[in-house]
Amino acid sequence: MHTSNPDLIPEIIEILRSNNRVTVLTGAGISAESGVPTFRDAQTGLWSKFQPTELATPQAFRQNPKLVWEWYTWRREIIKKALPNPAHFALAEMEKLFPEFVLITQNVDRLHRIAGNERIIELHGDIFRTKCSVENIAVKDWPDKGDIPPLCPHCGGMLRPDVVWFGESLPARILEAAWEAASSCQVFLAIGTSSVVEPAASLPIVALHNSAVVIEINSQDTPLSGIANYSLKGAAGDILPRLVSGLNR
Ligand code: BV8
């Protein structure tokens, strides 16, 4: 395991330059520089007394659907004002440079798509997509009758955000695609994630077991830092553009 220091960048660029199959896993840290609070940031204002892991669960929705719906409304308002940052744009550039590039994200903020990435696996869904909590089908629009949460126009059940909550399984085909991308890549980048939440946190381990080079880019130490081949400490918005400009040289 290599600790981070600035002169690792040229070595990482050489590793990337000599490989074709690159898989990236991102977490909330890559959107932090866009002003989107991460799961570990203390929640602000009204939400400061709650832990995200207490609100992002089916139990919380059952117990207090209004509170959970309003938390997501608050988050959507913040994310609507957010723009992709240099880290997002660097990954969009990277997708063009590698014949086999897959971006797996734990984020639900759509910022990778807005930045231009196309080969995206959204592990945990999309905060701007809504589904019926009874029929489990996407619902694009509904009459506003003042209900919070709003009710499904087909069955009258409560609507919910189309994201994966703690204690909910990820859609099988999405997990399979992520597993495949982690097990077939030559280089795996884990960026801006605390590497705690499963099954996402197992993806770099799958890559390691398939002799990929695993490179972590994170502002703090995580459980992955001691196992990755390289662990670069720093801001994604600083490190990723330097990697991409080195690749373009
Ligand atoms: C599952 C969508 C099978 C929702 C999210 C007990 C009971 C039930 C389940 C479990 C259990 N024990 C364990 C589990 C499994 C559980 C889990 O892992 N729990 C954790 C807490 C231990 N997982 C699940 O439940 C998953 N499903 O396992 O199904 C099953 C079924 C039933 C019962 C058991 C198992 C589903 C998990 C998905 C949850 N949904 N998001 C929403 O958004 O509202 S998770 C959410 O938090 C994120 O999506 C992300 O995945 C996760 C962690 O967030 P990160 O992205 O890592 O962000 P974080 O804030 O943590 O860290 C940011 C990092 O960036 C930090 O390290 C920071 O230093 C760094 N950083 C900050 N700024 C920068 C930076 N780095 C670089 N540059 C910067 N500028």
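Parameters at a glance
- Residues numbered from 1 in each chain as written.
- Predicted model: local features only at pLDDT ≥ 70, side-chain atom pairs only at ≥ 80, totals over all residues.
- Heavy atoms only, no water.
- Helix = DSSP H or I, 4+ residues; strand = E, 2+ residues; numbered from the N terminus.
- Rg over C-alpha atoms; globule rule 2.2 N^0.38 Å.
- Buried < 20%, exposed > 50% of the residue type's maximum accessible area, 1.4 Å probe, protein only.
- Contact = heavy atoms within 4.5 Å.
- Areas by Shrake-Rupley, 256 points an atom, 1.4 Å probe, with all protein chains shown as cover.
- Lys, Arg positive; Asp, Glu negative; His and termini not counted.
- Charge placed at Lys NZ, Arg CZ, Asp CG, Glu CD.
- Pairing = 2+ DSSP bridges.
- Axes fitted to C-alpha atoms, helices over the stretch in contact; angles between N-to-C directions.
- Near = heavy atom within 4 Å.
- Polar contact = N/O pair within 3.5 Å; in protein donor to acceptor, adjacent residues only side chain to side chain.
- Nonpolar A, V, L, I, M, F, W, Y, C, P; charged D, E, K, R; others polar.
- Domains from an automatic or database assignment.
- Expected span 1.5 Å × (residues − 1).
- Arc of directions from axis to C-beta.
- Core = buried A, V, L, I, M, F, W, Y, C linked by side-chain atoms within 4.5 Å.
- Buried area = accessible area lost by both parts, 1.4 Å probe.
- Parallel < 35°, antiparallel > 145°, perpendicular 65-115°, else oblique.
- Left-handed = near helix turned anticlockwise from the far one by under 90°.

Undergrad: Please clarify how the overall build of the chain should be interpreted in this entry.
TA: The secondary structure content of the chain amounts to ten helices and eight strands. Taking 2.2 N^0.38 as the reference for a compact globule, 249 residues should give roughly 18 Å; the C-alpha atoms of the chain span a radius of gyration of 19 Å, in line with that estimate. Each of the three principal axes of the chain carries a C-alpha extent, and together these read 60 × 35 × 30 Å. Sorting the 249 residues of the chain into buried and exposed places 51% on the buried side. Counted over contacts in the chain with a minimum sequence separation of 6, partners at least 24 positions apart contribute 66%. Accessible surface computed for the chain: about 11,900 Å², of which carbon and sulfur atoms make up 53%. In the chain, the 23 positive side-chain charges and the 27 negative ones have mean positions that sit 4 Å from each other.

Undergrad: Sorry, what's going on with the sheet that holds strand β7 (residues 213-218) here?
TA: Strand pairing in a sheet relies on backbone hydrogen bonds, with the paired strands running either antiparallel or parallel. Read across the open sheet, the six strands follow the order β3-β2-β1-β6-β7-β8; overall the sheet is parallel. Here the strands that pair on one side only, and so sit at the sheet edges, are β3 (120-122) and β8 (230-233). Going from strand to strand, the sheet's axes swing by 15° on average, the running direction of each strand aside. Here strand β2 (residues 100-105) runs beside β3; their pairing, made up of three bridges, is parallel. For L103, the partnering residue across the bridge sits in β3 and is I120. Helix α8 (residues 172-184) contacts β1 (21-26), β2, β3 and β6 (187-191) of the sheet and is inclined by roughly 130° relative to β3. In the packing of helix α10 (residues 236-247) onto the sheet, the strands contacted are β6, β7 and β8, and the crossing angle to β7 comes to about 135°.

Undergrad: Is there a simple way to explain the site of the ligand in this structure?
TA: R40, Y72, Q106, G167 and S194 are the nearest of the 33 residues found near the ligand. A28 has a polar backbone atom sitting 2.7 Å from an oxygen atom of the ligand. A236 places a polar main-chain atom, nitrogen or oxygen, 2.9 Å from a nitrogen atom of the ligand. Relative to its free-state accessible area of 1,500 Å², the ligand is covered by the protein chains to the extent of 75%. Those elements giving two or more residues to the shell around the ligand turn out to be α2 (29-32) and α5 (65-80). Within the shell around the ligand, the residues separate by chemical class into 14 nonpolar, 14 polar and five charged. Two domains share the shell around the ligand, each providing at least three of its residues, namely domain 1 (1-35 + 84-124 + 170-249) and domain 2 (37-81 + 127-163).

Undergrad: Where do I start with α8 in this structure?
TA: Structurally, the α-helix is built with 3.6 residues per turn, so residues lying three or four positions apart point the same way. For α8, which comprises 13 residues, the first-to-last C-alpha distance of 18 Å matches the rise-based estimate of 18 Å (1.5 Å per residue) to within 8%. Among the residues of α8, I174, A178, A181 and A182 are the ones counted as buried. Buried residues of α8 fall within an arc of 95° about the axis and therefore sit on the same side. Among the exposed residues of α8, those pointing more than 90 degrees away from its buried face are A172, R173 and E176. Those residues of α8 that are buried lie in contact with β1, β2, β3, β6 and α9 (203-209).

Undergrad: Looking at this model, I keep getting lost on the nonpolar core. Mind explaining?
TA: Judged by nonpolar contacts, the single largest core of 29 residues is most densely connected at L16, M94, I191, L240 and L243. Residue assignment for this core shows that the elements contributing at least two residues are α1 (8-17), β1, α6 (86-97), β2, β6, β7, β8 and α10. Listed in part, the 21 residues of the second largest apolar core include L123, L203, V206 and A207.

Undergrad: What is the right way to look at the domain arrangement of the chain in this model?
TA: What the domain assignment lists for the chain is domain 1 (1-35 + 84-124 + 170-249) and domain 2 (37-81 + 127-163). Computed from C-alpha coordinates alone, the two centres of domain 1 and domain 2 are separated by 28 Å. Of the residues lining the interface, eleven residues belong to domain 1; the matching set on domain 2 comes to twelve residues. Of the roughly 840 Å² buried between domain 1 and domain 2, counting both surfaces, carbon and sulfur atoms make up 59%.

Undergrad: I tried to follow the packing of α1 against α10 on my own but got confused; where do I start?
TA: Orientation of α1 relative to α10, taken along the N-to-C sense of each, is 55°, at an axis distance of 9 Å. Between α1 and α10, the interaxial angle falls into the category oblique. By crossing handedness, the relation of α1 to α10 is classed as right-handed. Residues I9, I12, I13, L16 and R17 of α1 form the contact with α10, whose participating residues are I239, R242, L243, G246 and L247. For the contact of α1 with α10, the per-class residue count stands at seven nonpolar, one polar and two charged.

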